[in-house]
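# Per-entry structural report
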2 protein chains.
Amino acid sequence: MSEKPSTRDIEEGLALAPKFDAGGLVTCVATDVATGDVLMVAHMNAEALKRTIETGEAWYFSRSRGALWRKGESSGHTQRVIEMRVDCDQDAIWIKVEQQGPGACHTGRRTCFYRVVPLRQSGAVTLEFRDAEKTFDAADIYRKPD
Amino acid sequence: MSEKPSTRDIEEGLALAPKFDAGGLVTCVATDVATGDVLMVAHMNAEALKRTIETGEAWYFSRSRGALWRKGESSGHTQRVIEMRVDCDQDAIWIKVEQQGPGACHTGRRTCFYRVVPLRQSGAVTLEFRDAEKTFDAADIYRKPD
């Protein structure tokens, strides 16, 4: 029977002790190792985390499909993980990746974060496209989106 | 009565239509605008998102405290938001911030991601400290952690 690790163990220890949520998931942020841009935010279950650590390729868990998912398994746009970090309370993972192919987003763009939210204003917000060029034709690649 | 926006509206539209989870939250990733490093991953409810947009200072919702939270309200280590983006399905926010003061993490460090997970190995994982220097004394600052 394993004891629940203490807050001190989780925050200052050297054991990986992921704090999975009620759905068995941790949040994972993937950034482009070259530019520092956030490419995507997704989730990993224990198996996705294990496979990512073992293979150095990004695996996620798709909440919409309820399935383990190797990034790029449909598109070929895999992610080679250069560095993985875990946060203080071990409920979030940060991976710095080399994105293979033209992009990470199922909409056909380099990053999922292709719209800016204007700041220091109130009322209705109108987004602005940024880094929103389509770099590949998603319809050609996916039978169903990532 | 507002209609639920279509996937196309959410992904390709210019209206901010955050997809809050069952707890009323979206995930927020804060990166350092100067270095691109991920400083922290936290959550925003509708009010935190609204206040962040209106003020250009980062507001979050603390799940552990069940409370709206202006980053730095205890420590003075506020975050000035330089740019905010929303992702394709609008359930994640990315903010590029100028971190005020010595750090973002309640453990007394610049970033919450101060441990590396070694890759391409199987079995038990031993983390490695990286960017783990304490930049401030958390015990001096917080009555309770962020």
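Up top is the structure these notes are about.
Bear in mind that the values here come from a model prediction, so they are computed numbers and not experimental data.

## Concerning the overall build of chain A
For chain A, the count of helices and strands is three helices and eight strands. Counted from the first residue to the last, chain A has its helices and strands arranged as α-β-β-α-β-β-β-β-β-β-α. Each of the three principal axes of chain A carries a C-alpha extent, and together these read 50 × 40 × 30 Å. Here chain A holds 146 residues, and 52% of them are scored as buried. Sequence separation of 24 or more characterises 45% of the internal contacts of chain A that already satisfy a separation of 6 or more.

## Here we look at the side chain of R115 of chain B
Among the structural elements, R115 of chain B can be located in strand β7 (residues 115-117). Despite its burial, R115 of chain B pairs with no opposite charge, the nearest such side chain being D87 of chain A at 6.3 Å. A polar contact of 3.2 Å, which involves the side chain of R115 of chain B, links it to the backbone oxygen of D87 of chain A.

## Focus: the environment of W59 of chain B
Residue and element names in this part refer to chain B. Positionally, W59 belongs in strand β3 (residues 59-62). For W59 and A42, which are 17 residues apart along the polypeptide, the C-alpha to C-alpha distance reads 9.8 Å. For W59, the contacting residues outside a window of four places in its chain are M44, A48, R51, T52, L68, W69 and R70.

## Some words on the pattern of salt bridges
Scanning all chains against the criterion turns up 28 salt bridges over all chains. Here E83 of chain A ties to K96 of chain A by a salt bridge, and the two come within 3.3 Å at their closest N and O atoms. A residue pair is termed long-range when its members are at least 10 positions apart, and E83 of chain A in strand β5 (residues 79-86) and K96 of chain A in strand β6 (residues 92-99) qualify at 13 residues. When its relative accessible area of 16% is taken as the criterion, K96 of chain A is described as buried. Ionic pairing is found between E128 of chain B and R130 of chain B, a salt bridge with its closest N-O pair at 3.3 Å. The class of E128 of chain B is partly exposed, set by a relative accessible area of 37%. Connected through shared salt-bridge partners, E83, R85 and K96 of chain A together with E128, R130 and D131 of chain B make up one network.

Conventions used here
- Residues numbered from 1 in each chain as written.
- Chains lettered and ligands numbered in written order.
- Predicted model: local features only at pLDDT ≥ 70, side-chain atom pairs only at ≥ 80, totals over all residues.
- Heavy atoms only, no water.
- Helix = DSSP H or I, 4+ residues; strand = E, 2+ residues; numbered from the N terminus.
- Buried < 20%, exposed > 50% of the residue type's maximum accessible area, 1.4 Å probe, protein only.
- Contact = heavy atoms within 4.5 Å.
- Lys, Arg positive; Asp, Glu negative; His and termini not counted.
- Salt bridge = Lys/Arg side-chain N within 4 Å of Asp/Glu carboxyl O.
- Polar contact = N/O pair within 3.5 Å; in protein donor to acceptor, adjacent residues only side chain to side chain.

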